Amino acid sequence: MAKERLYVVAYDIADQRRWSRIFKLMKGYGYWLQLSIFQCRLTARRRIEMTIRLEECMKPSEDHVLILDMGPADKIAPRVESLGKSYEAPTRKARII
Amino acid sequence: MRDRNQLVLPIPPPPADSETPLVPARMVNAWVYCPRLAYLEWVEGEWADTADTVQGTRVHVRTDTPAGRLPSPEELDDVMSQVRAVTMSSDRLGVIAKMDVLHVREGVVMPVDTKKGKRPHVAAGAYEPERVQICLHGMILEDNGYEVEQGAIWYAGSRERVRVKLDEDLRTRTIEAVRELRAAAETGRRPPPLEDSPKCSKCSLAGICLPDETNLFNRGYPPRPLNPAEDPALPLYIQTVPAKLRKRGEHLVVELKEETVEVPMVEVSQVVLFGPVSVTTPALHALMREEIPVSWFSTGGWFLGHTIGTGNGNVAVREAQYKVAFDARASLSFSRELVNAKVRNSRTMLRRNWRQERGTDGKEDALTGLERIARRALQANDFQHLLGLEGEAAAIYFSHFKQLLASEAEGFEEFSFTNRNRRPPTDPVNAMFSLAYAVLARTLTTTISATGLDPYMGLYHRPRHGRPALSLDLMEPFRSIVADSAVIQVVNNGEVKLRDFASNGPACSLTSKGRKALIAAFERRLEQEATHPFFGYRVSMRRMLEVQARLLARHFQGEIPKYPHYIPR
Ligand code: SF4
């Protein structure tokens, strides 16, 4: 089976233009949670790809991106307490709209 | 191994002319690693990214940016410099190389190649494929008039540099590899897979090459499950109208009346559209570029066609397919096995899913009848005969199909399903069959196209305009196992109710909600794992379809003597 892991990606970007580029880029890799936080299910290959593309967009001296590995996507149920809204980790299933 | 005492005359490959494509030096590296890998990638254009290959690209980002200018051989004398990303070719050898870094010192050039891993601890300092590649760089430089004494490999993983002496042995080996690769490309002969090699488990193409599966037929040891690069992307269906599909950055945006849904493009393997969904040109371009096929259905679930990018350019596979399809005897023997598999699988379906509460009247008769037909199919002497047998089997199977439906499912008895009708389907169960078969045929059409086969040229189903005959062929053994079982699921789980159907005259069709539930069940079914009856490993049904399609291609090309139809126990 596809080995996907669940990641939470958080970033601090000093410049507004770079911030929106990174926001748009991240939408290609995962789901927006809040402000500058995304959650993504990624294979090893996609994770590296994402890192490369983030590095291309950011300015290492001013920006900071944090990639938190939460574990194998299908095996873990992250213990999350969510106040206000309900939290749902992305699952892998065909999208039927 | 080569005998050291014997003089080997390095016969160079014939010089390249304007017709011969130049071989990239990294393909010669691949050839030395595994000839089949080089052939699949370079001649057949197969490519699969893995974490390793992406990481490799990353290492190259820096060296890929051209920097500096390489002086001509004459003006080299007193320059000391370092030049990056130089592309140079040699017509004598018929190769082209993009060289990472060239060091120029006192009139001598040294090519340096960057590798992502750590320095290997082997006597020669580096593995043979890498040494051959750097030797090739050196020889290309020499052919362009430069003086080269040695090459080097920079291992980014351990930050170490290994020097490579360009001695006669290495040069001979290099020329030999170039000659072999070019000859294989010219004659169109695909090298056999490696045998039980540890290289395969690290190979990005294992899922395409099927080394052990192919060897099983010739050598007879059980395959390892090599499924390294399984892509987790899944289909995206849009069946709510009006809808508009657009692209923004790296994701797709589906605009509906009430809401907007965003889907990362990398998570999408195919796009399936029902009815008047509009797609913007930039979205279509992006989908074609990413090789994500788009299938178009009418609102009623009629399959209209596909939009794909340039498609799989592997013509050799299609040539082989046509040859078999035009061979009446080969087609007939394939079709016999096919009908046998289909009938046996529908028998298995009846046997496994017959509901206890429906009694067992007629069960044994039906099973024996199907078994007899399956056996007779293997002896059929023409297509007409096969079609007759298939019809007989379908009559038995469908007349008992309602015994597979739970009686407590609400409103069930009203389905009053007795036989299969299609144009138009006149009752809910038939409406669901029609949709499930259309979706299965579409799935197989995209799977088949990706392997390079032509979905429109069948062996049992003869080609007819617009009919994906090969998809229909491959689909037969999976009809009951995948499509019918999705139908049974939605009914027995109460996921589809009578109110999810609409009647229009005699025609009965699913509402958008009913369609959504059935497609979801179908996709879930494809995610379930099953044991491959031939190879014994477990894979998802989705991957099973792909394995079968690839095996069929291997069979057409003569690597596998007999195509093993999918028949679970
Ligand atoms: S899977 Fe094995 S045989 Fe096939 S291309 Fe890769 S290394 Fe070669």
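Structure: above.
Conventions used here
Every residue gets a number counted from 1 within its own chain, in the order that chain's sequence is written. Note on labels: chains are lettered from A, ligands numbered from 1, in written order. Local features in a predicted model are, by the rule used here, given only for residues with pLDDT of at least 70; side-chain atom pairs are given and counted only at 80 or more, and totals for whole chains, interfaces and linings are based on all residues. Here the side-chain values reflect all heavy atoms present in the structure, with hydrogen atoms and water set aside. A helix here means a DSSP run of H or I that spans at least four residues, while a strand means a run of E at least two residues long, and both kinds are numbered starting from the N terminus. Only protein chains enter the area calculation, which uses a 1.4 Å probe; residues under 20% of their type maximum are buried, those over 50% are exposed, and those in between are partly exposed. We call two residues in contact when some of their heavy atoms are within 4.5 Å. For any pair of parts, buried area is found by adding up, for both, the accessible area (1.4 Å probe) each one loses once the two are put together. What makes a salt bridge here is a side-chain nitrogen of Lys or Arg within 4 Å of a carboxyl oxygen of Asp or Glu, nothing more. Whenever two N or O atoms come within 3.5 Å, that pair is a polar contact, provided that in protein one can donate a hydrogen and the other can accept it, and provided that, for residues adjacent in sequence, both atoms are side-chain atoms. One heavy atom within 4 Å of a molecule or strand makes the whole residue count as near it. Only protein atoms enter the 1 Å grid used here. Points where a 1.4 Å probe fits but cannot escape make up a cavity, open sets with protein on both sides within 12 Å along at least five of seven lines make up a pocket, and a residue lines them when an atom lies within 4 Å of a point. Grid points define the cavity or pocket, and a molecule sits in it when more than half of its atoms lie within 2 Å of them. Just so you know the grouping, Ala, Val, Leu, Ile, Met, Phe, Trp, Tyr, Cys and Pro go in nonpolar, Asp, Glu, Lys and Arg go in charged, and all remaining residues, Gly too, go in polar. What a helix should span is 1.5 Å times the count of its residues minus one. This arc describes the spread of directions from the helix axis toward the C-beta atoms. Any two strands between which DSSP finds at least two bridges are classified as paired. Helix axes are fitted to C-alpha atoms over the stretch in contact, other axes to C-alpha atoms as well, and angles between N-to-C directions run from 0 to 180 degrees. Two rings from Phe, Tyr or Trp (for Trp, the six-membered ring) form a pair when their centres are within 6.5 Å of each other. A pair whose planes differ by under 30 degrees is stacked, one over 60 is edge-to-face, and the rest are tilted. Only Lys NZ and Arg CZ are tested; either one counts as a charge over a ring when it is within 6 Å of the ring centre and within 35 degrees of the ring normal. By convention a nonpolar core is built from buried Ala, Val, Leu, Ile, Met, Phe, Trp, Tyr and Cys residues, the set being connected through side-chain atoms within 4.5 Å.

Draft legend 1. How the structure looks around unusual backbone geometry. Even without being a glycine, Leu35 of chain A presents a positive backbone phi close to 25°. When you line up the elements, Leu35 of chain A lands in the loop between strand E2 (31-34) and strand E3 (37-42). Its relative accessible area of 67% is what places Leu35 of chain A among the exposed residues. Its identity as a non-glycine residue notwithstanding, Arg159 of chain B has a phi of 50°, on the positive side. Positionally, Arg159 of chain B belongs in the loop between strand E6 (150-155) and strand E7 (160-165).

Draft legend 2. Seen up close, the interface of chain B and chain A. Counting residues at the interface gives 36 residues for chain B and 26 residues for chain A. Here chain B and chain A share an interface that buries about 2900 Å² over both sides, 60% of which is from carbon and sulfur atoms. For the pair chain B and chain A, the interface holds 2 salt bridges. With a closest N to O distance of 2.9 Å, Lys27 of chain A and Glu262 of chain B form a salt bridge. Where chain B meets chain A, there are 9 residue pairs in polar contact (both at pLDDT 80 or more).

Draft legend 3. The site of the ligand, seen in detail. All names here are of chain B. In the vicinity of the ligand, the contacting residues are Cys34, Leu37, Pro193, Leu194, Cys200, Cys203, Ala206, Cys209 and Pro211. Spatially, the ligand is embedded in the largest cavity. Residues of the shell around the ligand, tallied by class, amount to 9 nonpolar, no polar and no charged.

Draft legend 4. Main features of helix H12 (residues 363-377) of chain B. Residues and elements named next belong to chain B. Taking 1.5 Å per residue as the helical rise, H12 with its 15 residues ought to reach 21 Å, and the 21 Å between its terminal C-alpha atoms agrees with that figure. Of all the positions in H12, only Lys363, Ala366, Leu367, Gly369, Leu370, Ile373, Ala374 and Ala377 are classed as buried. The arc that holds every buried residue of H12, seen down its axis, measures 160°, which confines them to one face. Turned more than 90 degrees from where H12 packs its buried face, Glu364, Asp365 and Arg375 sit exposed. Turning to H12, the residues buried within the fold contact helix H11 (328-353) and helix H13 (383-399).

Draft legend 5. Structural detail: the environment of Arg5 of chain A. Residues and elements named next belong to chain A. Tracing the backbone through its elements, the reader meets Arg5 in strand E1 (residues 5-12). Expressed as a C-alpha distance, the spacing of Arg5 and Leu83, which sit 78 residues apart in the sequence, is 25 Å. Engagement of the side chain of Arg5 in a polar contact is seen with the side chain of Asp69, the distance being 2.9 Å.

Draft legend 6. Region of interest: the sheet that holds E2 of chain A. All names here are of chain A. The 4 strands are arranged E2-E3-E1-E4 in an open sheet whose pairing can be described as antiparallel. Two strands close off the open sheet at either side, each with one partner strand: E2 and strand E4 (64-72). Within this sheet the neighbouring strands show an average axis-to-axis angle of 25°, counted without direction. In the sheet, E2 pairs with E3 via 3 bridges, with the strands oriented antiparallel.

Draft legend 7. Region of interest: the environment of Glu147 of chain B. Residues and elements named next belong to chain B. With respect to the helices and strands, Glu147 occurs in strand E5 (residues 147-148). It is 7.1 Å that separates the C-alpha atoms of Glu147 and Gly107, two residues lying 40 residues apart in sequence. Setting aside its immediate chain neighbours within four residues, Glu147 contacts Gly107, Val108 and Val109.

Draft legend 8. Highlighting the pattern of salt bridges. Throughout the structure, instances matching the rule amount to 31 salt bridges over all chains. The salt bridge involving Lys562 of chain B is made with Glu337 of chain B; its shortest N-O contact spans 3.5 Å. Of this pair, Lys562 of chain B sits in the segment after helix H18 (541-556) while Glu337 of chain B sits in helix H11, placing them 225 residues apart in sequence. With its nearest N and O atoms 2.9 Å apart, the salt bridge here joins Lys342 of chain B to Glu476 of chain B. Pair noted here: Lys342 of chain B is in helix H11 and Glu476 of chain B is in the loop between helix H15 (469-475) and helix H16 (478-492), with a separation of 134 residues, a long-range link. Take Lys342 of chain B and Glu476 of chain B: they sit in the same class, and that class is buried. Put simply, Arg18, Lys59, Glu62 and Asp63 of chain A are held in one network by salt bridges that share partners.

Draft legend 9. A look at the packing of aromatic side chains. Applying the stated criterion to the full structure yields 13 aromatic pairs over all chains. Here the aromatic rings of Tyr11 of chain A and Phe38 of chain A are separated by 6.4 Å at their centres, their planes lie at 25°, and the arrangement is stacked. Placement of the pair is Tyr11 of chain A in strand E1 and Phe38 of chain A in strand E3, with a sequence separation of 27 residues. Considering the side-chain rings of Tyr397 of chain B and Phe398 of chain B, the 5.1 Å spacing of their centres and the 65° angle between planes classify their relative orientation as edge-to-face. Both residues of the pair, Tyr397 of chain B and Phe398 of chain B, belong to the buried class. Taken together, the ring pairs in this structure connect Tyr11, Trp19, Phe23, Trp32 and Phe38 of chain A into an aromatic cluster. One residue, Arg479 of chain B, lies across the ring of Tyr437 of chain B, its end atom 4.7 Å from the ring centre.

Draft legend 10. Region of interest: the nonpolar core. All names here are of chain B. Among the nonpolar cores identified, the biggest contains 91 residues, and Met432 and Met541 are the most heavily contacted of them. Considering each element in turn, this core owes the most residues, 13 residues, to helix H14 (residues 428-451). Setting aside chain neighbours within four positions, we find Met432 in contact with Val487, Val490, Val491, Val496, Phe501, Leu510 and Leu518. The next biggest cluster of nonpolar side chains, apart from the first, holds 48 residues, and it includes Tyr39, Leu70, Val162 and Ile175.

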